[in-house]
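Below, each chain spelled out in residue letters.
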Amino acid sequence: MRLYLGVPVVVPALLIAASGAAAVTRGRVLPTNRKHIRRPRVYGWGQLVMAIALCCQALFGLMADDLDIRQWGTLTGSALMVTGIIVIAVSQRTPGTPGHRQRHGGL
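Described in the following lines is the structure provided in the data block.

About the criteria used
- Residues numbered from 1 in each chain as written.
- Predicted model: local features only at pLDDT ≥ 70, side-chain atom pairs only at ≥ 80, totals over all residues.
- Heavy atoms only, no water.
- Helix = DSSP H or I, 4+ residues; strand = E, 2+ residues; numbered from the N terminus.
- Buried < 20%, exposed > 50% of the residue type's maximum accessible area, 1.4 Å probe, protein only.
- Contact = heavy atoms within 4.5 Å.
- Areas by Shrake-Rupley, 256 points an atom, 1.4 Å probe, with all protein chains shown as cover.
- Expected span 1.5 Å × (residues − 1).
- Core = buried A, V, L, I, M, F, W, Y, C linked by side-chain atoms within 4.5 Å.

1. Concerning the overall build of the chain
- Scanning the chain for helices and strands turns up three helices and zero strands.
- Secondary structure elements of the chain, listed N to C terminal, follow the sequence α-α-α.
- Within the chain, the proportion of its 107 residues that are buried is 24%.
- Contacts in the chain between residues far apart in sequence, at least 24 positions, make up 64% of those at least 6 positions apart.
- Summing over all exposed atoms, the chain offers an accessible surface of approximately 7,600 Å²; the carbon and sulfur share of this is 66%.

2. Description of helix α3 (residues 67–91)
- Over its 25 residues, α3 runs 36 Å from end to end, which matches the ideal 36 Å to within 8%, given 1.5 Å per residue.
- Among the residues of α3, Gly-73, Gly-77, Met-81, Gly-84, Ile-88 and Ser-91 are the ones counted as buried.

3. Remarks on the nonpolar core
- Ranked by size, the top nonpolar core spans seven residues in total: Val-29, Ile-37, Tyr-43, Met-50, Ala-53, Met-81 and Ile-88.
- Here this core gets three residues from one element, more than from any other, and that element is helix α2 (residues 40–63).
- Non-local contacts of Val-29, meaning those with residues more than four positions away in its chain, are made with Arg-34, Ile-37, Pro-40 and Tyr-43.

Below you can see the structure in the form of structure tokens.
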């Protein structure tokens, strides 16, 4: 068991999960991300998926002794990580979002 290697991964994963849970349940987003997020609940689900992916990576990548289990576990964690990134990207504002000022080249 390499528990001491998993702790630096699991602690940030728990913080991300707490932030994601706050975004899903209350619509709260950290102040540094608040102006970029259009849909806080979708953003929260993305954070929860990312936290699960990090825990999956730590669990299977560091704790599993069987090579096949380790490979499939880390592959699953990687797929979840990409899914979380896509969900977070969908929740962010785009430049053409209403409510943003746009400069129009003028006459």
